[in-house]
Amino acid sequence: MKSFVPAPPESHFPIQNLPFGVFSTAANPAPRVGVAIGDQVLDLAALAESGLLTLSREVFRQPTLNAFIALGRQTWRSTRASISELLRHDNLQLRDNQALRDKVFVAQEQATLHLPLEIPGYTDFYSSKEHATNVGSMFRDPANALLPNWLHIPIGYNGRASSVVVSGTPLQRPMGQLKLPDADAPVFGACRKLDFELETGFIIGQPNALGEPIDIANAEQHIFGMVLLNDWSARDLQQWEYVPLGPFNSKSFATSISPWVVTMDALEPFRVDSPAQQPQPLPYLQQSGKNGYDITLEVALQPGAVAQPQTICRTNFKAMYWTMVQQLAHHTVSGCNTRIGDLMGSGTISGSTPEAYGSLLELTWNGKNPLSLADGSQRSFIQDGDEVAMTGWCQGDGYRVGFGVVSGKILPARG
Ligand SMILES: O=C(O)/C=C/C(=O)CC(=O)CC(=O)O
Ligand SMILES: [Ca+2]
Ligand SMILES: [Mg+2]
């Protein structure tokens, strides 16, 4: 399938994708809902106003996707199908109407992308066996790196939704308590071991009521789509604070997500088997079919404004041990409710080879093996002025369904 809006083979946004986001322009600063196509944004509020969508323009004249998502899965799917039809290379309705094209298309270059969701809750899982093994080896006991619960439970913690920011938002190095290895008492200061975590996140599209768990067989229908996610982590704060309740200030200062939400329909052709699970999980976590997704992922680090970004990690989402539907079934099995816009982080995505490790903690083995960068500098952890950019895509036959990028630059601590 092709669109009259050009998308070269390496574009993340061909007609096969059509991710939803929220944007504004200098000419119209009101944030509104759009879809990425090629290097353009299709303004859905303007499209609805022209009568080419059956939905009212009000649902798209919103600063978040939540009102659209609340209309339900049938509407997400039928809207995406209508947009796909309108963008086809052989559909003349929009293609040959220049006045309308001028109204509904905005160059991505000229659009400001906003946080696309109101996020009531953010949960972060811990579902890469390689990552859990690596961190367990470093922080605890290499002989028993994986804790005894890990193969039975998709481990997670309740993160902080208020500090989820959109890609491009600069972030201050966090301050906090840290205990230096040779000291008896903690000190207060700027984080010295600032890290990224390469993750994806899924967005709740259909909520469940308090006391009504989501059955694993239906869990997928509750997911609106996926984003890229950087779970920034202050490793020195984390190591001191995390016993026994898990991360707190070390993770809650910021989490960055990509601006475009890729729908599960767009990801459907890229399903693959997820890793075999041994021991077999409890019945409420048992699933059938292909529940993994083949998503190529990369992290680049740009050391300061003048240097070139350099790829420091290459991995794939398909290695994740616990799947999104297992995470959601587990999250709600107690009766916990979810809400539209809730964000569920996958957990750091690490593969089995060193270049596939999804954090600097693992890539440099807690600073023991610093990375050598092309500008001659070395990195154990993130320095002030560094920018971290993550990207990801599914490779189709001659096209890509991509996530774009989630990036963030680290500014000096408040001090
Ligand atoms: O194993 C630990 O003590 C800590 C693990 C993490 O920091 C990772 C975390 O946030 C969950 C994840 O991203 O997989
Ligand atoms: Ca994390
Ligand atoms: Mg975080």
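These numbers were taken from a predicted model, which means no experiment stands behind them.

## Describing the UniProt feature "domain: Fumarylacetoacetase-like C-terminal" (unreviewed entry) in the chain
Here, UniProt's "domain: Fumarylacetoacetase-like C-terminal" (unreviewed entry) annotation points to residues 122-391. With 14% helix and 28% strand, the stretch residues 122-391 has end C-alpha atoms that lie 21 Å from each other.

## A look at the coordination of the magnesium ion (ligand 3)
Looking at the magnesium ion (ligand 3), one finds its protein donor set to be Asp-231 (OD), Lys-251 (O) and Thr-255 (OG1), positioned 1.9 to 2.6 Å from the metal centre. Ordering the donors of the magnesium ion (ligand 3) by residue number gives the pattern D-x19-K-x3-T. Separated by 20 residues along the polypeptide, Asp-231 in the loop between β14 (223-230) and β15 (233-234) and Lys-251 in helix α8 (residues 249-252) bring together distant segments of the chain. Under the relative-accessibility criterion, Asp-231 is labelled buried at 0%.

## Describing the pattern of salt bridges
Between side chains of opposite charge, a pair can form when the charged atoms approach closely. Throughout the structure, instances matching the rule amount to 19 salt bridges. As a salt-bridge pair, Arg-57 and Glu-49 come within 3.2 Å of each other at their nearest N and O atoms. When the shortest N-O distance is used, the salt bridge between Asp-231 and Lys-251 registers 3.8 Å. Overlapping salt bridges, with partners in common, bring together Asp-195, Glu-197, Asp-231, Arg-235 and Lys-251 in one network.

## With respect to the sheet that holds strand β2 (residues 32-37)
Taken in spatial order, the five strands of this open sheet run β4-β3-β2-β1-β5, and their pairing is antiparallel. The sheet is open, and its two edges are formed by β4 (105-107) and β5 (112-114), each paired on a single side. Direction aside, the axes of adjacent strands within the sheet are offset by 45 degrees on average. The pairing of strand β3 (residues 40-43) with β4 spans three bridges and is antiparallel. The residue bridging Gln-40 from the neighbouring strand is Ala-107, located in β4.

Reading the values: the criteria
Residues numbered from 1 in each chain as written. Chains lettered and ligands numbered in written order. Predicted model: local features only at pLDDT ≥ 70, side-chain atom pairs only at ≥ 80, totals over all residues. Heavy atoms only, no water. UniProt positions renumbered as here; feature names shortened; annotations may be inferred. Helix = DSSP H or I, 4+ residues; strand = E, 2+ residues; numbered from the N terminus. Donors = N, O, S within 2.8 Å, 3.2 Å for Na, K, Ca; no water. Buried < 20%, exposed > 50% of the residue type's maximum accessible area, 1.4 Å probe, protein only. Salt bridge = Lys/Arg side-chain N within 4 Å of Asp/Glu carboxyl O. Pairing = 2+ DSSP bridges. Axes fitted to C-alpha atoms, helices over the stretch in contact; angles between N-to-C directions.

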